[in-house]
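# Report on the structure
Spelled out from the first residue to the last, the chains are:
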Amino acid sequence: MATIDQPLPAKAATMREEFSWSESLYNWVATVDHKRLGLMYVVSALVFLVIAGIMASIIRLQLAFPNNHVIGPDTYNRLFTMHGTTMVFFVGMPMVAGFANYLVPLMIGARDMAFPRLNAFGFWIFLFGGVLLYFSYIGGGGLSGAGSAPDVGWFAYAPLTERAFSRGASTDYWILGIFTAGIGSIASAINVIATAISMRCPGMTLARMPMFVWVMVIDSWLILIAIPPLTAAQIMLAYDRFLGANFFNTQAGGSAVLWQHFFWIFGHPEVYILIFPAFAILSEVIPVFSRKPLFGRPAMVAAVIAIGFISLGVWAHHMFAVGMTAWSNTFFAASSMLVGIPTGIKIFNWTATMFGGKLRMDTPMLYCCGFLFQFLVAGLTGIMLAVSPFDWQLHDSYFNVAHFHFTLIGGLVFGLLVGMYYWYPKVSGRMYNERLGKLSFWLFVIGFNTTFIPQHFLGFLGMPRRIYTYPAARGWETFNLISSIGVIFQIAAVGLFAWNVVYSAIKGKQAGDDPWDAWTLEWASTSPPPEYNFEKLPVVRSSRPLWDLKHPQDPDWKFGQ
Amino acid sequence: MTDLGLLAFFQVQVPGIPEHRVTDIFKPLASPAAAERDIAWFTIAVTTLIFIVVGGIIVYTIMRFRRRPGDDLRQEPPQVYGSNQIELAWTVIPILIAFVLIGVTARVVWSVENASPPPSALHVKVIGHQWWWEVVYPDYRITTANEIHVPYSPDGKEATYLELSSVDVVHSFWVPQLSGKVDLIPNRLNYMWIDPKQAGVYVGNCAEYCGTQHANMLLRVVAEDRSTFRAWAQGQQKAVEPSVVSTGRTTFESLSCVNCHVIQGTKAIGKFGPDLSHLGSRSTLGAGMMTNTREHLKAWINDPQEIKPGCLMPSMKLTSTELDGVASYLESLK
Amino acid sequence: MAATVTPADVGALEREWTLPDRGTVGIILLMITESSLFTIFVVAYLVYIGRSATGPFPKDVLEVPIVASICLLSSSLTIVLAENALKRNQVGRFKLWWLVTILLGGEFLTATGVEWHHLIYKEGLTISTNLFGTTYYSLVGLHASHVIVGLFFLLLVMLVSLMGFPIQHQERRVKFLSWYWHFVDAIWIVVFTVVYIIGR
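Keep in mind the model is a prediction, meaning the values are calculated, not measured. (Residues numbered from 1 in each chain as written. Chains lettered and ligands numbered in written order. Predicted model: local features only at pLDDT ≥ 70, side-chain atom pairs only at ≥ 80, totals over all residues.)

### Examining the interface of chain B and chain A
Across the boundary between the two partners, chain B contributes 80 residues, which contact 75 residues of chain A. For the side of chain B that touches chain A, the elements supplying multiple residues, two or more each, are helix H2 (31-65), helix H3 (84-113), strand E7 (171-174) and strand E8 (182-184) of chain B. In terms of residue count, the dominant contributor to the side of chain B that touches chain A is H2 of chain B (16 residues). Looking at side-chain class alone, the side of chain B that touches chain A contains 45 nonpolar, 21 polar and 14 charged residues. (Contact = placed C-beta atoms within 7 Å. Helix = DSSP H or I, 4+ residues; strand = E, 2+ residues; numbered from the N terminus. Nonpolar A, V, L, I, M, F, W, Y, C, P; charged D, E, K, R; others polar.)

### Some details on the arrangement of the chains
For the 2 pairs of chains in contact, the maximum contact count is reached by chains A and B. Chain C makes no contact with chain B, the minimum C-alpha separation between the two being 12 Å.

### A look at the interface of chain C and chain A
Much of the literature gives interface size as the accessible area that the parts lose upon coming together. Facing the 34 residues of chain C at the interface are 38 residues of chain A. Among the elements of the structure, helix H1 (7-16), helix H2 (22-47) and helix H6 (131-162) of chain C are those that each provide at least two residues to the side of chain C that touches chain A. No other element matches the 13 residues that H2 of chain C contributes to the side of chain C that touches chain A. Considered class by class, the residues forming the side of chain C that touches chain A number 22 nonpolar, 8 polar and 4 charged.

### Some remarks on the sheet that holds strand E3 (residues 132-137) of chain B
In any sheet, the strands associate via hydrogen bonds between backbone groups, in a parallel or an antiparallel arrangement. Residues and elements named next belong to chain B. Spatially, the 5 strands line up as an open sheet ordered E4-E3-E2-E6-E9, and their pairing is mixed. The sheet is open, and its two borders are formed by strand E4 (142-145) and strand E9 (190-194), each paired with just one other strand. When strand polarity is set aside, the average angle formed by the axes of neighbouring strands in this sheet is 25°. As judged from the 5 bridges shared by strand E2 (residues 122-129) and E3, these two strands associate in the antiparallel manner. Each bridged residue has a counterpart across the sheet, and for His-129 the counterpart in E3 is Trp-132. (Pairing = 2+ DSSP bridges. Axes fitted to C-alpha atoms, helices over the stretch in contact; angles between N-to-C directions.)

### Notes on the pairing of E9 of chain B
All names here are of chain B. Most of E9 is tucked away: 4 of the 5 residues are buried. Sheet topology note: the strand E6 (residues 160-166)/E9 ladder contains 5 bridges and is antiparallel. Residue Glu-163 lies in a different strand from E9, and its bridge partner there is Tyr-191. (Buried ≥ 20, exposed ≤ 12 C-beta atoms within 10 Å, placed from the backbone.)

### Considerations on the environment of Pro-530 of chain A
All names here are of chain A. Mapped onto the elements, Pro-530 comes out in the loop between helix H14 (477-507) and helix H15 (545-550). Residue Pro-530 is classed as partly exposed on the basis of its 14 C-beta neighbours within 10 Å. Once the C-alpha coordinates of Pro-530 and Lys-35 are considered, the two residues, 495 residues apart in sequence, prove to be 9.5 Å apart.

### Here's the deal with the confidence of the model for chain B
Residues and elements named next belong to chain B. Per-chain confidence: chain B averages 92 in pLDDT, with 95% of residues scoring 70 or above. Counting interchain partners and residues more than four positions distant, the pLDDT-below-50 stretch residues 1-11 has 17 contacts. Here the complex is predicted with pTM 0.95, and the ipTM for its interfaces comes to 0.94. (pLDDT = per-residue confidence, 0-100.)

As structure tokens, this is what we get:
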């Protein structure tokens with residue numbers, strides 16, 4: 001393998017043994033290889049994405065017309081609860097773990113994560129949590145009939161979740177599924193930080209560590225600090241439901257607002273936990289597709305750290321309507337606006353990276369551009385929500401729904417798609433179909449914006465969220481119908497993406513080690529990399545070791561980078 | 001859902017009273033909503049400006065620096081690592097913008113939230129239930145449900161001061177054209193105020209998911225001139241006293257209805273469901289779901305689950321004669 | 001022209017390249033995340049002080065567990081003595097001090113159990129009685145569960161060394177376990193202060 005003074009090797013010979021199907025299955029189930037586990041995380045997340053997407057489609061079908069009768073209130077309430085819970089905990093979080101686990105060891109020149117068995121444990125307990133949550137459909141029986149999934153909303157406000165108002169076991173499955181999966185998230189976070197600190201190849205100081213790794217490390221710190229509050233709150237709720245405790249029992253003096261504080265102390269950092277992979281991915285892909293280094297690397301690292309810190313102090317902007325004091329309503333408005341600043345700085349730096357470059361407008365870059373615009377919109381609607389008096393109107397309305405779908409789909413999903421297309425050749429050894437990729441992109445952009453732009457206006461017109469139907473008289477029909485039509489395009493886009501992934505894996509062109517002419521260490525290994533990642537562990541002198549190798553007259557380390 | 005259920009969701013238009021059914025937050029008709037609208041426009045202006053500038057630069061960058069056919073791809077562009085001055089500039093400017101927004105926000109938060117009620121303010125307690133609103137006027141000793149009558153205030157001198165709470169889960173009071181929302185939280189008292197500038201009916205929703213029928217927990221604030229309001233209040237204070245006890249009332253008092261509902265001056269003293277003492281004077285049923293007509297009333301009493309599935313009133317399984325009688329009785333409670 | 005770094009330089013770089021031990025990092029991160037968990041239970045305890053609608057109330061029923069606390073905190077000392085013995089290859093002394101540590105931890109748990117038995121059966125305080133009961137049992141119980149986990153691993157090490165396995169080769173892992181044990185003790189200081197000093 002490459003060291004500073006040796007050229008890149010020819011494609012390493014990979015020995016392919018023949019396994020029977022049961023041996024292959026065992027190899028996957030018992031694996032501790034970070035690449036396989038990373039892949040399993042991402043594939044699981046995509047499966048849950050499709051399931052939760054179907055739920056969303058049914059929701060939009062129900063809301064396409066006023067007084068619609070596609071589904072009744074109970075089914076609807078379970079659908080939006082499961083949609084949100086699945087997307088956050090079983091799509092977003094495994095994508096964090098999957099991308100981090102696959103790429104971090106490769107990018108830092110290591111052979112695996114610091115704790116490979118912990119890695120495996122984390123994956124399987126996450127999956128078990130998902131199974132537990134979905135088991136509620138058959139096991140969650142209550143007064144309302146045979147088996148039911150949770151219907152308390154993804155943030156499960158007390159006292160709606162107390163036994164008195166939430167009969168049967170559906171809320172218990174909500175608690176158990178997420179609690180279990182949360183253990184996996186913490187395990188993964190410990191692994192990522194320990195790996196980045198203890199397993200970097202020689203020469204890779206923290207300053208030379210790739211931006212992707214930096215962001216995922218800070219993401220892991222957020223997980224370590226912000227997930228336990230949710231775990232604690234869920235334990236408290238479980239005590240209330242099973243042992244008659246009084247944490248959120250307002251009849252005994254318990255506080256409904258306390259649940260909200262604990263939940264959002266988790267919940268707000270959680271949304272940054274979710275979006276950081278997109279930030280991490282963009283910081284790798286935009287430079288490569290602009291043919292320039294990331295503009296302002298130190299500022300980008302500082303910005304991510306700042307976002308991480310500040311995000312721990314904004315949570316009560318979810319609670320502006322709860323009747324907090326004017327001081328609180330002002331403080332949290334201020335902190336929420338401040339957190340937008342380092343986020344904006346990141347957008348500026350990405351743009352500056354592109355400025356003066358030679359932009360290769362292939363699918364990954366198209367998704368980057370989609371991200372930039374849509375996340376900009378999301379950030380600005382976030383500023384609107386941060387202004388607490390404005391939020392008093394917008395809170396719990398469709399404006400809120402529009403904002404977070406812009407951050408999560410327009411931001412996170414688009415960012416993850418950048419990553420999936422970019423690393424697809426590395427993971428599979430083959431190139432995806434570029435024309436299909438571009439077509440899927442445009443369908444997604446059209447569909448996503450058609451669905452969610454009108455929802456801002458629904459919020460302005462006073463439509464609250466989480467309602468299973470609405471009367472014709474309120475002036476909400478047109479925007480709802482447009483919003484629902486957008487779903488068709490999104491389904492087409494996702495379908496094309498899935499087809500591209502599967503078909504290219506079988507019929508795609510051989511990609512080679514480094515199809516994008518990139519600069520981080522994963523591109524120095526084969527596609528896909530062997531189980532041991534690198535024949536010889538690399539030694540690096542800058543943050544772009546492959547650039548140095550390819551440009552010996554003009555290496556980064558000459559400029560102190 | 002039956003056809004009647006379908007019909008039930010139709011126009012809730014009570015003849016003669018202007019009803020603000022399209023609840024645009026940019027068409028405020030009370031001071032809190034107006035203050036919120038003003039800061040909304042300011043924020044939208046600032047963010048739109050940012051969007052145009054930043055978005056414009058992104059668009060320009062993409063258009064100008066796209067690869068073109070004929071570009072020499074072996075030639076990498078200048079590898080610029082960064083610029084401290086630029087970083088400083090685009091850190092400081094957003095901080096300044098943020099400070100302006102924070103200052104403006106603080107001012108409006110204080111003016112809306114810490115406004116103290118004028119001595120002549122009307123006090124109303126709104127208590128949230130799954131899925132209806134209990135409305136109490138402590139100074140008038142009135143208890144009603146779902147419809148809140150207040151005097152309107154063209155000169156800004158009449159204000160209604162609301163005290164909000166809940167008996168079960170968290171709800172939220174949102175009548176967009178009057179004010180931003182405030183939550184109704186069990187074991188906690190919250191406060192808000194409204195001063196409707198025009199007479200009319202202001203429509204709103206519960207805005208915090210509260211269970212199965214959250215969607216159909218609708219609000220109606222009826223703003224009327226002082227004398228009409230006083231007349232309404234006086235009417236609500238006294239029990240309806242008919243000269244003859246109707247068969248409907250006898251039926252009502254003999255069934256479990258009395259365990260959940262209050263009708264002043266009768267045996268019905270149950271506190272679980274809405275107060276029905278003057279049901280006939282209300283314009284809607286089922287917390288704003290349908291107009292208060294005989295047809296709808298009969299359908300509701302016959303089987304509330306058909307109209308509002310999951311609501312906490314069971315079907316009373318009355319014979320059609322009993323149904324007619326009870327409906328007539330309740331209609332007469334004006 | 002190639003870089004001015006020679007293979008000899010590369011070798012030197014590789015040899016001089018030392019990074020923190022991953023086990024150390026891992027255990028520190030575990031303690032940080034557990035601290036976050038405990039913090040929320042502590043906050044709930046503090047928020048609900050004095051808010052119970054009905055009794056029993058803390059000052060009526062809580063007795064300060066002096067002996068149990070001394071035992072638990074001394075066990076931090078004895079575990080250090082055990083580790084030092086192991087470093088000096090004195091396996092017999094190690095086993096002795098390790099056993100004392102386990103017994104001290106066991107005493108703490110027993111005392112907690114006795115206290116709870118008294119509170120439940122004599123004072124009528126359960127987790128569902130009032131806010132005090134809820135927050136008391138959950139916070140003290142969370143800590144006790146961590147003591148149980150710690151004791152389990154301490155017993156495992158005891159068993160392994162009694163069975164003759166060369167425990168002196170596992171100094172690093174023993175060190176991590178003792179750090180966990182110290183952490184559990186530090187948490188007790190916080191819980192003790194919140195429950196028996198501030199909350200009474």
